[in-house]
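Here is what each chain is made of, one letter per residue.
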Amino acid sequence: MTHRIALGGIHTECSTYSPQIMRREDFIVVRGDDLSATVGEPPDGVDIIPLFWASAVPGGPVAADVYQAFKTEFLNELSAAMPLDGVCLLMHGAVHVEGMDDAEADWIGAVREIVGDACPIAVSYDLHGNVSQPIIDAIDIFAAYRTAPHIDVTETYRRAFSMLTACLTGGFRPGVAWAPIPVLLPGERTSTEQDPAKSLYARLPSVGQRPGVRDANLMVGYVWADVPRATAAAVVTGTEAEASLAAAGDLAEAYWSARAAFDFGVETGPVTAMLDAAERATTRPVILADSGDNPTGGGVGDRTDVLAALLDRGFDDVLVAGIADPPATLAAAAAGEGARLDLTFGGALGSACQPITRTVDVVRVLGSAETRDLLAVVRTGPVRVVLTYARRPFHDLADFAAFGEDVTSLQVLLVKSGYLSPELAPIANPALMALSDGAVNQDIVSLSNQRRPTPTFPFQPDFDWQPNPRLSRRFPV
């Protein structure tokens, strides 16, 4: 007998504080063998039916018509692929759609309606996603990233898929238990590279090996969405209800107990203080994170606040990567390498910041607007700024090598980031994080907080709580 598993999903992260609305062109759609490869070679007797996976750099809310078009297309392809023995959905957990509070519940619930109650559904999640009871009630298997920065993405996809194939070929039926935890913190304070998150996440594999438990997860949740489902959570896949509930409760209690110990892992402070620290540094490269405008967390990526403050300092060799500004990037590209022009940039995508006007020299032009990878490196004095046509991060050394920069020799590298990427963190000497303005402002208690569950730490700092783990309505009994 051959088991047929459909594969696909939708994956991005949306700040409700962002002025940007995500459109179809912001998404990349993966299909066919490229999609199948994300979960690896299936075991004998299993066929992968790849549908599509739509993903985007995190940003603002997804336009309602864009989401509905993706959902309709996915459901049509799913219906055409029937009959199916299983579905594996590669989700995020922090998609926010205009006019909708729980997009993942809507998507997964619609899949459940098509495949019916007998078909198991496995999902993979980013640990910065939000989980809700409707999601839990629609699924049978759950696996989330266990690292932040995320270095286990492919491993997580394959954990979810392998549990699904084991379920189909081994003849057992799993279920999901979870315990919401009334804590919401930014990823920059919950990196798994330092305690308490490091120790909490190190426990997960052993908890997942308890009798009656198949997999254990801790969800940090997504703090920059002011929505009712926003929460941290412990989520467990298991075969025995009591064991699964106990595991979820134990993990939730441990996370709650550590709530006040979570903190930033690098020197952090206001923009002025971090620029002061950069000026005092006698080593290179200083890597300064503009955290409030971090596009990988949902920031817009077009703000100039930190750059403007930096230009007033006496640095001698600075690279700023980057600022998303389609008109300025097109103007610099049209002028061409070696050209000098007066250029205004900043705030082009809707952020409330003061644009900067400078006479700049165009150093490098790469890519094209048609493929949305156009960038222009411009120089004003000792500062080089990477302007981009589309929002994007610069986290990999190859990103900088592409336009001829050896970041290890820079005095200062300013990146739009929260915690530094696995490639930048080891070379930072030192790493600094500026608590800057933007759609993913790290000063979370100052955010508008109208719709999150109450109480939630640290928005309401003083209250008692005990875990209340609960089962999916689908859990086998």
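Everything discussed here concerns the structure shown above.
This report concerns the structure included in the present document.

The rules behind these values
- Counting from 1, residues in each chain are numbered in the order their sequence is written.
- In keeping with the model being predicted, local features are shown solely for residues with a pLDDT of at least 70 and side-chain atom pairs are shown and tallied solely at 80 or more, while totals for entire chains, interfaces and linings include all residues.
- Computation of side-chain values: all heavy atoms of the structure, hydrogens and water removed.
- One side-chain nitrogen of Lys or Arg within 4 Å of one carboxyl oxygen of Asp or Glu is enough to make a salt bridge.
- Secondary structure elements follow DSSP: runs of H or I no shorter than four residues count as helices, runs of E no shorter than two count as strands, and numbering proceeds from the N terminus.
- Burial classes: relative accessible area under 20% of the type maximum marks a residue as buried, over 50% as exposed, and values in between as partly exposed (1.4 Å probe, protein chains only).
- In this analysis, the expected span of each helix is defined as 1.5 Å times one less than the number of residues it contains.
- An arc is given here, and it is the one of the directions from the helix axis to the C-beta atoms.
- Only heavy atoms matter for contacts: two residues are in contact if any of them lie within 4.5 Å across the pair.
- Orientation is described by lines fitted to C-alpha atoms, with helices fitted over the stretch in contact, and by angles between N-to-C directions that extend from 0 to 180 degrees.
- Here the word oblique covers every angle except those under 35 degrees (roughly parallel), over 145 (roughly antiparallel) and from 65 to 115 (roughly perpendicular).
- Each crossing gets its handedness from the near helix: less than a right angle anticlockwise from the far helix is left-handed, clockwise is right-handed.
- Following the grouping adopted for this structure description, the nonpolar residues are Ala, Val, Leu, Ile, Met, Phe, Trp, Tyr, Cys and Pro, the charged ones are Asp, Glu, Lys and Arg, and the polar ones are all others, Gly among them.
- DSSP-based pairing: two strands are paired if at least 2 bridges between them are found.
- Detection works on a 1 Å grid of protein atoms alone, calling trapped sets that fit a 1.4 Å probe cavities and calling open sets with protein on both sides within 12 Å along at least five of seven lines pockets, with lining residues defined by an atom within 4 Å of a point.
- Grid points are joined across faces, edges and corners, and a volume is the space filled by probe spheres set on the points.
- Residues adjacent in sequence count toward polar contacts only when both atoms are side-chain atoms; beyond that, a polar contact is any pair of N or O atoms within 3.5 Å, and within protein one must be able to donate a hydrogen and the other to accept it.

A few words on the pattern of salt bridges. Inspection of the entire model under this criterion finds 26 salt bridges. A salt bridge links Asp101 to Arg451, with the nearest nitrogen and oxygen atoms 2.7 Å apart. One end of the pair, Asp101, is in the loop between strand 4 (86–90) and helix 3 (103–115); the other, Arg451, is in the loop between strand 18 (431–434) and strand 19 (470–471), and 350 residues separate them in sequence. Judged by its relative accessible area of 37%, Arg451 falls in the partly exposed class. Salt-bridge contacts for Asp305 lead to Arg303; the nearest nitrogen and oxygen are separated by 2.8 Å. Given the relative accessible area of 29%, Asp305 is considered partly exposed. Arg303 sits in the buried class, given a relative accessible area of 10%. One network of salt bridges, with partners in common, ties together Arg112, Asp117, Asp140 and Arg474.

Another point: unusual backbone geometry. Note on backbone geometry: most residues besides glycine have negative phi, and most peptide bonds are trans. The amide bond that connects Met82 to the next residue, Pro83, takes the cis arrangement and shows omega of 5 degrees. Here Pro83 is to be found in the loop between helix 2 (64–81) and strand 4. Geometrically, the link from Asp195 to Pro196 is a cis peptide bond, its omega value of 10 degrees lying close to zero. Following the sequence through the fold, Pro196 ends up in the loop between strand 7 (175–181) and helix 6 (197–202). Positive phi values are uncommon outside glycine, yet Arg372 reaches one of about 60 degrees.

Since one α-helical turn is 3.6 residues long, residues separated by three or four positions face the same way. In a regular helix each residue adds 1.5 Å, so 18 residues correspond to 26 Å; helix 2 covers 26 Å between its end C-alpha atoms and thus fits that length. Among all positions of helix 2, only Val66, Tyr67, Phe70, Lys71, Phe74, Leu75, Leu78 and Ala81 are buried. Looking down the long axis of helix 2, one finds its buried residues gathered within 155 degrees of arc, a one-sided arrangement. At its buried positions, helix 2 is contacted by strand 1 (3–11), strand 2 (27–31), strand 3 (46–56), strand 4 and helix 3.

This brings us to the packing of helix 2 against helix 3. Helices that pack against each other are described as a pair by the angle of their axes relative to one another and the distance between those axes. Contact pair helix 2 / helix 3: the axes reach a minimum separation of 10 Å and the direction vectors enclose 20 degrees. Judged by the angle between their axes, helix 2 and helix 3 are roughly parallel. For the pair helix 2 and helix 3, the crossing hand works out as right-handed. Contacts between helix 2 and helix 3 involve Tyr67, Phe70, Lys71, Phe74, Leu75, Leu78 and Ser79 from the former and Ala103, Asp106, Trp107, Ala110, Val111, Ile114 and Val115 from the latter. Of the residues that constitute the contact of helix 2 with helix 3, the class distribution is 11 nonpolar, 1 polar and 2 charged.

What follows concerns the sheet that holds strand 5 (residues 121–125). The strand order across the open sheet formed by 6 strands is 2-3-1-4-5-6, and the pairing between neighbours is mixed. In this open sheet, the two strands that pair with only one neighbour each are strand 2 and strand 6 (141–144). Strand-to-strand, the axes of this sheet are offset by a mean angle of 10 degrees, without reference to chain direction. Where strand 4 meets strand 5, 4 bridges bridge the pair, whose relative direction is parallel. Looking across to strand 5, one finds that Leu90 is bridged to Ser124. Taken strand by strand, helix 3 contacts strand 1, strand 4 and strand 5, and its axis lies near 160 degrees from that of strand 5.

Turning next to empty space enclosed by the protein. For the structure on display, the rule yields 3 cavities of 30 Å³ or more. In this structure, the largest cavity spans a volume of roughly 50 Å³. The wall of the largest cavity is formed by Asp290, Arg303, Thr304, Val306, Leu307, Val320, Ala321, Ile323, Leu414, Val415 and Lys416. Where the lining of the largest cavity is concerned, the elements lending two or more residues are helix 10 (305–311), strand 12 (318–324) and strand 17 (412–415). Take the lining of the largest cavity: its biggest share by element is 3 residues, from strand 12. Broken down by class, the residue content of the lining of the largest cavity amounts to 7 nonpolar, 1 polar and 3 charged. Looking at the second largest cavity, its volume works out to about 40 Å³. Taken together, Pro295, Gly301, Gly322, Ile323, Ala324, Thr388, Arg391, Arg392 and Lys416 form the lining of the second largest cavity. It is strand 12 that provides the largest number of residues to the lining of the second largest cavity, a total of 3 residues. Considering only residue class, the lining of the second largest cavity consists of 3 nonpolar, 3 polar and 3 charged.

Quick look at the side chain of Ser472 now. Structurally, Ser472 is set in the segment after strand 19. Overall, the relative accessible area of 4% leaves Ser472 in the buried class. For Ser472, the side chain forms a polar contact with the main-chain nitrogen of Arg474, separated by 3.0 Å. Setting aside residues up to four positions removed in sequence, Ser472 forms contacts with Gln133, Ile136, Asp137, Ile139 and Val176.

By themselves these figures say nothing about function.
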